[in-house]
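Listed below are the residues making up each chain.
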Amino acid sequence: MTNHLETRFIHSTGVDKETGAVNVPIYLSSTYHQPNIDEFGPFDYSRSGNPTRQKLEETIAKLENGTRGFAFSSGMAAISSAFMLLSAGDHVLVSEDVYGGTYRFVTEVLNKFNIDYTFVNMTDLSEMASAIRENTKVIYIETPSNPVMNITDIEIAAKLAKANDCLTFVDNTFMTPLYQNPLDLGADIVLHSATKFLSGHSDIIAGLAVTKDEELGSRLAFIQNTFGSILGAQDSYSLLQGIKTLGARMKQSSASARIIADYLHSHPVVEEVYYPGFRFHPGNPIHERQARGAGAVLSLRLADKAAAKVFVDSLQIPVFAVSLGAVETILSYPATMSHAAMPQKQREQRGITDGLLRLSVGLEYTDDLLEDLEQALKKVHQTSPQAIFSK
Ligand SMILES: *Cc1c(COP(=O)(O)O)cnc(C)c1O
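Bear in mind the structure is a predicted one, so any value in this text is a computation, not a measurement.

Now, about the side chain of glutamate 64: what can you tell me, with residues and values included?
Assignment of secondary structure puts glutamate 64 in the loop between helix 2 (51–63) and strand 1 (68–72). Buried charged residue glutamate 64 carries no salt bridge. Nearest counter-charge: arginine 292, at 6.9 Å. Among the polar contacts listed, one links the side chain of glutamate 64 to the side chain of asparagine 181, at a separation of 3.1 Å. Beyond its immediate sequence surroundings of up to four residues, glutamate 64 is in contact with Asn172, Pro177, Gln180, Asn181, Pro182, Leu183, Val190, His192 and Val210.

Break down the site of the ligand for me, with residues and values.
Neighbouring the ligand are 14 residues; Met76, Asp171, Ser193, Thr195 and Lys196 lie closest to it. In the environment of the ligand, an oxygen atom lies 2.8 Å from a nitrogen or oxygen atom belonging to the backbone of methionine 76. In the environment of the ligand, an oxygen atom lies 2.6 Å from a nitrogen or oxygen atom belonging to the side chain of threonine 195. Looking at the shell around the ligand element by element, the count peaks at 3 residues for helix 3 (residues 75–83). A breakdown of the residues in the shell around the ligand according to their chemical character gives 6 nonpolar, 5 polar and 3 charged.

Let's hear about the domain arrangement of the chain: which residues, and what values?
Interface size is often expressed as the accessible area that is lost when the parts come together. One can read the domain layout of the chain as domain 1 (5–244) and domain 2 (246–387). Between the C-alpha centres of domain 1 and domain 2 there is a distance of 27 Å. Facing 43 residues of domain 1, the contacting portion of domain 2 comprises 44 residues. Carbon and sulfur atoms make up 61% of the surface buried where domain 1 meets domain 2, a total of about 3400 Å² over both sides. The interface formed by domain 1 and domain 2 holds 2 salt bridges in total. Between lysine 251 and glutamate 6 there is a salt bridge, with the nearest N and O atoms lying 3.0 Å from each other. Every element with two or more residues in the side of domain 1 that touches domain 2 is listed here: helix 1 (5–11), helix 4 (100–108), helix 6 (154–163), helix 7 (176–179) and helix 9 (233–244). Looking at side-chain class alone, the side of domain 1 that touches domain 2 contains 21 nonpolar, 14 polar and 8 charged residues.

A description of the packing of helix 3 against helix 4 should follow, citing residues and the corresponding values.
Between helix 3 and helix 4, the least distance of the axes is 10 Å, while the angle of their chain directions is 35°. Seen from above, helix 3 lies across helix 4 with right-handed handedness. Residues Met76, Ile79, Ser80 and Phe83 of helix 3 lie in contact with helix 4, whose contacting residues are Gly101, Thr102, Phe105 and Val106. By residue class, the composition of the contact of helix 3 with helix 4 is 5 nonpolar, 3 polar and no charged.

Please give an account of helix 2 that cites residues and values.
The end-to-end C-alpha separation of helix 2 is 18 Å, in line with the 18 Å expected for 13 residues at 1.5 Å each. Among the residues of helix 2, Pro51, Thr52, Arg53, Leu56, Glu57, Thr59, Ile60, Ala61 and Leu63 are the ones counted as buried. Looking one or two residues past helix 2, asparagine 65 carries a phi angle of roughly 55°, positive in sign.

Describe the packing of aromatic side chains, naming the residues involved and giving the relevant values.
Applying the stated criterion across every chain yields a total of 9 aromatic pairs. Their ring planes at 25° and their centres at 5.9 Å tell us that phenylalanine 83 and phenylalanine 105 sit as a pair that is stacked. Here phenylalanine 105 lies in helix 4 and phenylalanine 83 lies in helix 3, a separation of 22 residues in the sequence. Note that arginine 350 overlies the ring of phenylalanine 119, its terminal NZ or CZ placed 5.6 Å from the centroid.

Tell me what's going on with the sheet that holds strand 4 (residues 136–142), and back it up with residues and numbers.
The strand order across the open sheet formed by 7 strands is 1-7-6-5-4-2-3, and the pairing between neighbours is mixed. For this open sheet the edge positions go to strand 1 and strand 3 (116–120), each flanked by a neighbour on one side alone. If you compare each strand with its neighbour and ignore which way they point, the axes differ by 20° on average. Strand direction decides the pairing type here: strand 2 (residues 91–95) and strand 3, joined by 5 bridges, are parallel. Residue leucine 93 lies in a different strand from strand 3, and its bridge partner there is threonine 118. Sitting on the sheet, helix 2 touches strand 1, strand 6 (189–193) and strand 7 (207–211), and the angle it makes with strand 1 is about 125°. Packed on one face of the sheet, helix 8 (residues 214–227) meets strand 1, strand 5 (167–171), strand 6 and strand 7 and runs near 20° to strand 1.

Calculation rules
Residues numbered from 1 in each chain as written. Predicted model: local features only at pLDDT ≥ 70, side-chain atom pairs only at ≥ 80, totals over all residues. Heavy atoms only, no water. Helix = DSSP H or I, 4+ residues; strand = E, 2+ residues; numbered from the N terminus. Buried < 20%, exposed > 50% of the residue type's maximum accessible area, 1.4 Å probe, protein only. Lys, Arg positive; Asp, Glu negative; His and termini not counted. Salt bridge = Lys/Arg side-chain N within 4 Å of Asp/Glu carboxyl O. Polar contact = N/O pair within 3.5 Å; in protein donor to acceptor, adjacent residues only side chain to side chain. Contact = heavy atoms within 4.5 Å. Near = heavy atom within 4 Å. Nonpolar A, V, L, I, M, F, W, Y, C, P; charged D, E, K, R; others polar. Domains from an automatic or database assignment. Buried area = accessible area lost by both parts, 1.4 Å probe. Axes fitted to C-alpha atoms, helices over the stretch in contact; angles between N-to-C directions. Left-handed = near helix turned anticlockwise from the far one by under 90°. Expected span 1.5 Å × (residues − 1). Phe/Tyr/Trp six-rings, centres within 6.5 Å; stacked < 30°, edge-to-face > 60°. Lys NZ or Arg CZ within 6 Å of the ring centre and 35° of its normal. Pairing = 2+ DSSP bridges.

Given below as structure tokens:
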């Protein structure tokens with residue numbers, strides 16, 4: 001019997017064998033007694049392995065159809081640890097509208113280790129193919145991308161990578177394993193900021209990585225243990241609790257996001273809405289092929305910064321904050337938040353203009369959110385009545 005993912009999320013850890021407890025015990029132990037000089041138990045030191053963290057790592061590995069999972073202290077720790085598989089002299093291809101922190105890691109840390117990079121528009125396969133060099137070792141994808149929701153064909157990118165002897169890394173934060181499983185499409189490492197949808201309650205910072213290939217898994221395990229940016233036992237527990245409700249949360253949020261995206265698209269004060277579920281979104285056919293849902297994040301463009309400011313000041317329900325993927329709707333302003341690390345010119349080339357806002361739809365009653373958006377857009381219109389867009 002193969003249960004649906006929603007069922008697997010709930011029962012992913014099973015009950016505790018020793019006690020029957022329905023929740024995983026939190027093992028607060030840094031070290032483990034060894035039977036004697038020559039015998040070792042299953043654990044020795046919690047940087048290398050902790051039973052609570054191990055449950056989480058096994059869970060995410062199963063949910064992503066991989067063989068090994070790794071839990072890190074943040075999404076960035078997972079991402080940077082994966083990049084540590086590289087060596088000096090290597091080159092990486094990175095999606096040009098990558099998460100701001102990943103951009104910063106690649107341009108300000110990796111480069112110090114003599115690892116070169118090229119940012120490419122991954123919606124353009126020929127651009128991607130022609131940017132591959134002799135020493136290219138990784139193709140790094142984020143799809144849908146943040147915040148303008150560009151879609152990269154994971155399967156084709158992974159084929160291109162394999163043909164050129166490189167690995168494919170996919171940041172699957174926006175889709176979660178409910179909607180997209182990059183390993184099934186040929187990717188080598190799936191990465192998550194589990195801070196977002198997987199934990200879902202804006203309470204922890206966490207990262208996950210999953211591999212399928214055993215040898216690659218061993219190499220990443222070595223880096224996890226050596227670099228040491230592991231997730232603690234309590235946060236591992238919180239994250240496992242979050243994963244249980246992922247199916248219900250993600251489906252509800254995504255259903256609301258679709259309604260809100262349609263509403264915003266039809267509103268004359270909104271210049272543009274980025275949402276991969278739109279039939280007219282250029283990446284929609286690819287997205288529909290490789291993912292099972294459009295997700296709960298969308299971006300909208302207002303005329304300018306002044307309009308964005310009125311909108312932000314007028315909205316009552318959303319939290320105005322960085323981050324996404326939580327029970328509460330989160331509104332953010334990429335230009336000064338998630339993409340503050342990116343120079344203005346690069347930002348604008350990627351569509352992250354001063355009028356762009358990102359909305360991560362939470363679990364509030366959909367009509368309440370619509371009403372709130374409506375009154376805020378009315379205020380935007382009152383302050384700049386000339387800014388009307390027809391789409
Ligand atoms: C938040 C985020 C990250 C970074 O994760 P942290 O948990 O904040 O370190 C990476 N990628 C994407 C797409 C994100 O949204």
